[in-house]
Amino acid sequence: MKCIIPLLIIFFLALFLGCSGSGGGSSDESDVNEDPTDITTPTVMSIESMALVLDTSGTPIANAIIPEDIFTDQKGVATGDFEKSSTGWVTVEAIGYMTGYMEADVSKTGVDLYEIRLVPIEAMVLLEDGGSASLVLGDPLQPTHSAALTAASFETTPVTVGISSIEPINIVPLFEPFSTGEALTLQMAFGLEAWSNSLESIALKSGSNISIQIQDNGAMSDNAVLAYFDPESGMWEVVANGCTRDGLNHYNCTLNVVSPLYGLFDDQAADYLSRSLNYRAAVTEGDLGETYKKAKQRYNKRLKELEAICAGDPNCDVTNDAELKEALDDLADAARDYANDNQNENGKFALMMAGQHAISSGSEALGQELIADAGEIAENIGKDLLNDLRCERLREMINSAQQNQLMGSQTVADQLIEKAGNDLKDCDIWEGTITYWFPIDGTHPCTDNLKYQSGSMWQEYHEVRMATNAVSYILTGEDKVRLMFPNVIFKRDDDCQQSIKFYGEPSSAQINLTFDGTYDGYEFSVTNPGQPAQTISIGQKQVMQAKQDDVCQDVADFPLTLSFPNFSSVLVHGFLDSPPITIQEMLEEGSKSTSGFERIFGEELLDNSCLDTGFARYPFSRGRVMWKFTHYQKILPIEE
């Protein structure tokens with residue numbers, strides 16, 4: 001039998017592997033399936049970097065990519081030797097999110113720690129050769145951001161362009177220097193990215209640019225500076241004459257590069273860091289995650305200020321700064337509160353980050369206390385994994401083992417490695433992300449009389465894991481689905497109200513789907529996901545009024561509320577003109593890449609035409625699905 005080496009263990013677990021067999025002899029199929037992998041006593045090797053990738057609400061992002069071959073697990077954790085820019089910045093990409101940039105916090109535990117919150121894409125458009133379009137955020141009548149796009153501006157077509165507004169508190173390089181040397185403060189931020197059908201980034205043609213109008217309600221000064229962050233230089237690159245004031249409430253700006261992180265800066269104070277120090281005196285009940293982020297940014301701000309003050313002075317000691325010490329105490333308290341409320345990777349990383357900052361700031365005892373608290377959470381996470389041995393959790397077990405070894409829980413680390421190397425050695429594992437985007441039509445899908453008035457793009461996001469037993473070929477899978485169906489309103493421009501509101505009930509939800517099938521390494525046989533325990537309803541509220549005696553009155557049978565219950569996923573339900581594409585079809589029809597891990601990716605346009613009755617169930621007539629799967633532990637197919 002040939003020696004089969006699971007790729008996940010090679011790249012993530014870094015096990016010392018052995019292989020036994022009958023030398024050059026062959027065996028029949030039953031012998032081949034009997035023991036696909038033989039693994040000797042495994043040990044964990046050291047890691048250089050560890051990252052936690054979340055969205056802005058604190059939800060872990062699975063399958064985020066840290067180039068080239070490092071991916072986050074279902075807890076949002078990634079470990080390995082991260083590829084860095086010349087200035088130390090690391091890029092993070094995930095389908096459905098703006099690309100983010102992260103930098104290691106100072107390391108006092110032997111491992112560089114990274115933490116980042118990626119921003120979901122809010123609106124997108126597909127541009128084909130010769131096409132043009134506008135990307136709008138906010139109320140279409142008074143948008144916060146409105147970008148004018150033409151396909152001719154980009155290097156290749158077709159091109160998908162996405163845009164999002166970004167809260168400054170979620171930006172890691174918030175306090176990095178300007179290329180011009182100015183000392184300015186970020187007031188507003190947004191990102192704009194462009195991709196090909198194969199999800200590769202597309203740049204602007206030389207000499208081309210993008211016009212964007214931004215609403216600021218007059219909050220910024222009239223000479224705001226436009227800049228984008230460049231991870232290679234580690235600076236905010238200023239765009240000369242990038243923005244001009246257009247009336248009291250708007251800026252007209254010209255973008256000369258496609259960048260996921262643009263900002264408008266001026267010399268005014270920023271309200272996102274306005275709360276004074278002294279955490280215990282100022283804290284109020286609310287979002288502990290936001291409180292932690294603010295405390296961390298205030299600490300980083302003071303640290304950057306001190307670095308500038310001490311530049312070139314070898315005798316300058318930042319540990320004696322009273323303001324930094326007070327900011328550190330705030331950060332430690334915020335991390336503890338956040339961890340008490342989140343006994344998971346989120347809370348653990350907050351404690352580790354605060355602990356490393358404490359040690360680097362001269363508060364050794366405080367730092368060790370915080371890291372010890374993080375170690376307790378890591379140990380409990382490891383024990384939970386030992387009690388729930390499933391192929392789908394193999395990568396989480398590997399990452400947990402490495403973290404427990406790092407923080408002193410060697411017994412738990414050894415147990416996790418032993419279980420991963422023995423009990424789960426026959427697991428063939430695929431993980432993937434599927435994202436549906438549904439841009440809202442400019443008019444009601446069935447009539448031109450009702451114009452789009454408000455609401456944002458509908459989205460559906462899937463995190464999929466599939467595990468096959470390499471002996472039996474039996475496949476099991478789980479799909480965590482997030483639905484985002486905000487209110488969308490179409491209205492007729494008339495004296496009396498005529499409107500239709502589309503909405504999800506609730507407007508956002510998480511639904512867990514499970515499925516099964518078989519996989520022999522060549523062909524998938526995957527059944528459609530079963531009905532989940534929880535679903536949502538797609539709702540409509542229709543209002544039709546007409547004048548009677550100069551008074552607007554409801555037409556008979558209106559207002560009318562309609563509900564379409566038991567919606568779980570387009571993957572299950574499909575559309576009228578687009579039957580649901582299955583996971584099996586995605587894996588069979590997608591493009592394949594075999595450098596490093598085996599990957600399959602692709603995209604498909606969806607049509608959702610109006611019913612013959614003139615009735616629309618959804619506020620859009622077209623959509624797009626994009627997917628990317630990675631064969632994290634490849635055992636199948638088994639060859640003689």
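Look up: the structure comes first, before these words.
Residues numbered from 1 in each chain as written. Predicted model: local features only at pLDDT ≥ 70, side-chain atom pairs only at ≥ 80, totals over all residues. Heavy atoms only, no water.

**Quick look at the sheet that holds strand S8 (residues 123–127)**
Consideration 1: Strand order across the open sheet formed by 6 strands is S8-S11-S12-S18-S14-S15, with antiparallel pairing between neighbours. Both edges of this open sheet fall to S8 and strand S15 (235–238), since each of them pairs with a single strand only. In this sheet, adjacent strand axes meet at a mean angle of 30° when their direction is disregarded. (Pairing = 2+ DSSP bridges. Helix = DSSP H or I, 4+ residues; strand = E, 2+ residues; numbered from the N terminus. Axes fitted to C-alpha atoms, helices over the stretch in contact; angles between N-to-C directions.)

**Focus: the environment of Ala104**
Consideration 1: Turning to its location among the elements, Ala104 is positioned in the loop between strand S6 (100–103) and strand S7 (112–118).
Consideration 2: Exposure remark for Ala104: the relative accessible area of 27% places this residue in the partly exposed category.
Consideration 3: Sequence separation of Ala104 and Ser49 is 55 residues, and the distance between their C-alpha atoms is 8.4 Å.
Consideration 4: Among all residues touching Ala104, those that are not within four sequence positions of it are Asp112, Leu113 and Tyr114. (Buried < 20%, exposed > 50% of the residue type's maximum accessible area, 1.4 Å probe, protein only. Contact = heavy atoms within 4.5 Å.)

**Structural notes on the packing of helix H4 (residues 288–310) against helix H6 (residues 345–360)**
Consideration 1: At a minimum axis distance of 12 Å, the contact between H4 and H6 shows a crossing angle of 20°. By the criterion of interaxial angle, the relationship of H4 to H6 is roughly parallel. The two elements H4 and H6 meet at a crossing, and its hand is left-handed. Packed against H4, whose contacting residues are Tyr292, Lys296, Tyr299 and Asn300, the element H6 presents Phe349, Ala350, Met353, His357 and Ser360 at the interface.
Consideration 2: Classifying every residue of the contact of H4 with H6 by side-chain character gives 5 nonpolar, 3 polar and 1 charged. (Parallel < 35°, antiparallel > 145°, perpendicular 65-115°, else oblique. Left-handed = near helix turned anticlockwise from the far one by under 90°. Nonpolar A, V, L, I, M, F, W, Y, C, P; charged D, E, K, R; others polar.)

**Comments concerning the sheet that holds strand S31 (residues 598–607)**
Consideration 1: The strand order across the open sheet built from 8 strands is S26-S25-S22-S21-S19-S32-S31-S30, with neighbouring strands paired in antiparallel fashion. Edge positions in the open sheet fall to strand S26 (524–526) and strand S30 (591–593), since each of these has one partner strand only. Going from strand to strand, the sheet's axes swing by 20° on average, the running direction of each strand aside.
Consideration 2: Pairing of S31 with strand S32 (residues 622–633) involves 10 bridges; the strand directions are antiparallel. Within S32, the residue paired with Glu604 across the bridge is Val625.

**Let's talk about the packing of aromatic side chains**
Consideration 1: A full pass over the atoms with the stated rule returns 29 aromatic pairs.
Consideration 2: The interplanar angle of 10° and the centroid separation of 5.5 Å between the aromatic rings of Tyr292 and Tyr338 together place this pair among those described as stacked. Here Tyr338 lies in helix H5 (residues 322–341) and Tyr292 lies in helix H4, a separation of 46 residues in the sequence.
Consideration 3: Since its relative accessible area comes to 1%, Tyr292 is described here as buried.
Consideration 4: Here the aromatic residues Tyr436, Phe438, Trp458, Phe485, Phe567, Phe575, Tyr618 and Phe620 are joined through ring pairs into a cluster of three or more.
Consideration 5: In this structure, Arg395 packs its charged tip against the face of Tyr632, placed 4.0 Å from the ring centre.
Consideration 6: One Lys or Arg, Lys501, reaches over the ring of Tyr503 and ends 5.4 Å from the middle of that ring. (Phe/Tyr/Trp six-rings, centres within 6.5 Å; stacked < 30°, edge-to-face > 60°. Lys NZ or Arg CZ within 6 Å of the ring centre and 35° of its normal.)

**Observations concerning the packing of H5 against helix H7 (residues 364–386)**
Consideration 1: In contact at an axis separation of 12 Å, H5 and H7 are set at 15° when each is read in the N-to-C sense. Compared by their axis directions, H5 and H7 come out roughly parallel. Classified by chirality, the crossing of H7 by H5 is left-handed. Listed contacts from H7 to Leu328, Asp329, Ala332, Arg336 and Ala339 of H5 are Leu366, Glu369, Leu370, Asp373 and Ile377.

**Some words on H7**
Consideration 1: An ideal rise of 1.5 Å per residue puts 33 Å on 23 residues; H7 measures up with 33 Å between its terminal C-alpha atoms.
Consideration 2: Three or more residues of H7 are buried, namely Leu366, Gly367, Leu370, Ile371, Ala374, Gly375, Ile377, Ala378, Ile381, Gly382, Leu385 and Leu386.
Consideration 3: Next to the buried residues of H7 lie H5, H6, helix H8 (394–406) and helix H9 (410–422). (Expected span 1.5 Å × (residues − 1).)

**Brief notes about the environment of Asn63**
Consideration 1: Its place among the elements puts Asn63 in the loop between strand S1 (49–55) and strand S2 (65–66).
Consideration 2: Here the alpha-carbon distance between Asn63 and Lys628, two residues 565 residues apart in the chain, equals 9.0 Å.
Consideration 3: Look past the residues within four positions of Asn63 in its chain and what remains in contact with it is Phe71, Thr72, Asp73, Arg395, Glu431, Gly432, Thr433 and Tyr632.
Consideration 4: A polar atom in the side chain of Asn63 sits 3.3 Å from the side chain of Thr433. (Polar contact = N/O pair within 3.5 Å; in protein donor to acceptor, adjacent residues only side chain to side chain.)

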